[in-house]
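Next come the chains, spelled out residue by residue.
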Amino acid sequence: MKRVYNFNAGPATLPLEVLEEARAELVDYRGSGMSLLEASHRGAAYEAVHEEAATNIRALLGLGDDHAVLFLQGGASLQFAMVPMNLLGRGETADYVHTGSWAKKAIAEARVVATGGRAVNVAADTSAERPARVPAPAELRLTPGAAYVHVTSNETIEGIQWKELPHTDAPLVADVSSDILSRPVDATRFGLLYAGAQKNLGPAGVTVVVIRKDLAERAPDDVPIVLRYATHAEKRSLYNTPPCFAIYMVMLVTRWIAARGGLASVGRVNRDKAARLYAAIDASSFYTGTAAPDSRSGMNVTFRLPSEELEDRFVEEAAASDLIGLRGHRSVGGIRASIYNAFPVEGVDALVGFMREFERTRG
Ligand code: PMP
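Residues numbered from 1 in each chain as written. Predicted model: local features only at pLDDT ≥ 70, side-chain atom pairs only at ≥ 80, totals over all residues. Heavy atoms only, no water.

**Observations regarding the site of the ligand**
Residues in close proximity to the ligand include Gly-75, Ala-76, Ser-77, Phe-80, Trp-102, Asn-154, Thr-156, Asp-175, Ser-177, Ser-178, Gln-198 and Lys-199, which together make up its full environment. Residue Trp-102 places a side-chain N or O atom 3.4 Å away from an oxygen atom belonging to the ligand. Within the contact set of the ligand, a nitrogen atom lies 2.6 Å away from a side-chain nitrogen or oxygen of Asp-175. At a threshold of 2 Å from the grid points, most atoms of the ligand map onto the largest pocket. The biggest single contributor to the shell around the ligand is helix H3 (residues 75–87), with four residues. (Near = heavy atom within 4 Å. Polar contact = N/O pair within 3.5 Å; in protein donor to acceptor, adjacent residues only side chain to side chain. 1 Å grid on protein atoms, 1.4 Å probe; cavity = no way out; pocket = protein on both sides within 12 Å on 5 of 7 lines; lining within 4 Å. Sits in = over half its atoms within 2 Å of the grid points. Helix = DSSP H or I, 4+ residues; strand = E, 2+ residues; numbered from the N terminus.)

Here's what the structure looks like:
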């Protein structure tokens, strides 16, 4: 069996143990005589998986009954629309922090939704700055009485991450697609958080939404039933057929995180992995990090080489050494190493070794 070091930004590498477990159960799920891919989403076998996935996420985040864990479809991108549709009432303003490519999409969608006396305020905009960075809390121009404050906890493309999310009076809404369950957080502070699963949680096809239950009730009457958080909260994400197999994978991955000691423990490992890569960048004048040091992401490590031609060669030769998926997003270029929870430290060391050798021969 061949396994490469997969640095893709998402879909991304999954824990080998989880893949092997899913394979072992694939055709005959626990003696049921059918695959979970074929099982009814109303049956007992799937019901147990569905419940455990939600329970695991709630436990890892340290949340109680005030929050609902939802499994939705449409990706984090649908949440860019659902958040303002549900949480931004007539005459209200939502604050958005513009930090980069994903915040930009969230803001664009909110502006489409915000008709009828609703407003979108950009509370800070660092998106054009290079090196890329997130704003300091004091830079935010928040609206008194805002419906909510939206932040992107980790900008996957620019490689920046909030070290601590801002404290706000209004409910904090966060796109945590690329850093969910990667470090300890005080999740009770969130009004709503959402993440496509395909980076830290499992395969593509399911989006995790965690919402304070009182906020789920806010949707105006003109929001379609299927797009209301309350609909999915009341029906425990079984209002319509959920992406059962993707949720099963999320259940296995969250079990795997818990077995490794939970968020404090995976957070330590993730910090160590990122520190090794940033140390290699800082030790060299050949590689240049693209994020301001205090905004550097622990998940997506972005850097440049002296020329695009060298970057092309770097990506090609790395791939020939089974270091896959290192090309930066097409909108920004450069190199991006995505090192989510399931990415092994040995792969980070392999990349650091490759970087040294590439610099020695090409620098
Ligand atoms: N937000 C962030 C921070 C992301 O990284 C991504 C995907 N790369 C998205 C939103 C969009 O997610 P999806 O493709 O699941 O809609």
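From this point, the narrative continues.
**Quick notes on the side chain of Ser-284**
The residue Ser-284 is located in the loop between helix H8 (262–282) and strand E11 (288–289) in this model. Residue classification places Ser-284 among the buried positions, given a relative accessible area of 12%. For Ser-284, the side chain forms a polar contact with the main-chain nitrogen of Phe-286, separated by 2.9 Å. In terms of polar contacts, Ser-284 uses its side chain to reach the side chain of Glu-359, at 3.3 Å. (Buried < 20%, exposed > 50% of the residue type's maximum accessible area, 1.4 Å probe, protein only.)

**Examining empty space enclosed by the protein**
Evaluation of the coordinates by the stated rule reveals two cavities of 30 Å³ or more. Looking at the largest cavity, its volume works out to about 110 Å³. What lines the largest cavity is Leu-61, Ser-153, Leu-165, Val-176, Asp-179, Ile-180, Leu-181, Ser-182, Arg-183, Val-185, Phe-190 and Leu-193. Classifying every residue of the lining of the largest cavity gives eight nonpolar, two polar and two charged. (Points joined across faces, edges and corners; volume = space filled by probe spheres on them. Nonpolar A, V, L, I, M, F, W, Y, C, P; charged D, E, K, R; others polar.)

**Some details on the packing of aromatic side chains**
All chains considered together, the criterion is met by 15 aromatic pairs. Geometrically, the ring pair formed by Tyr-29 and Tyr-248 is edge-to-face, given 5.9 Å between the ring centres and 85 degrees between the ring planes. Of this pair, Tyr-29 sits in the loop between helix H1 (16–24) and helix H2 (44–61) while Tyr-248 sits in helix H7 (residues 244–259), and the two are 219 residues apart along the sequence. With a relative accessible area of 5%, Tyr-29 lands in the buried category. Here Tyr-287 and Phe-303 contribute two aromatic rings whose centre-to-centre distance is 5.6 Å and whose plane-to-plane angle is 90 degrees, an arrangement assigned as edge-to-face. Taken together, the positions of Tyr-287 in the loop between H8 and E11 and Phe-303 in strand E12 (residues 300–304) put the pair 16 residues apart, joining distant regions of the chain. (Phe/Tyr/Trp six-rings, centres within 6.5 Å; stacked < 30°, edge-to-face > 60°.)

**Remarks on the pattern of salt bridges**
This model, assessed by the stated rule, comprises 19 salt bridges. Between Arg-304 and Glu-311 there is a salt bridge, with its nearest N and O atoms 2.9 Å apart. The exposure class assigned to Arg-304 is partly exposed, which follows from its relative accessible area of 26%. Several salt bridges share partner residues, and in doing so they unite Glu-21, Glu-52 and Arg-255 into one network. (Salt bridge = Lys/Arg side-chain N within 4 Å of Asp/Glu carboxyl O.)

From the geometry alone we can't say anything about function, so treat these as descriptive.
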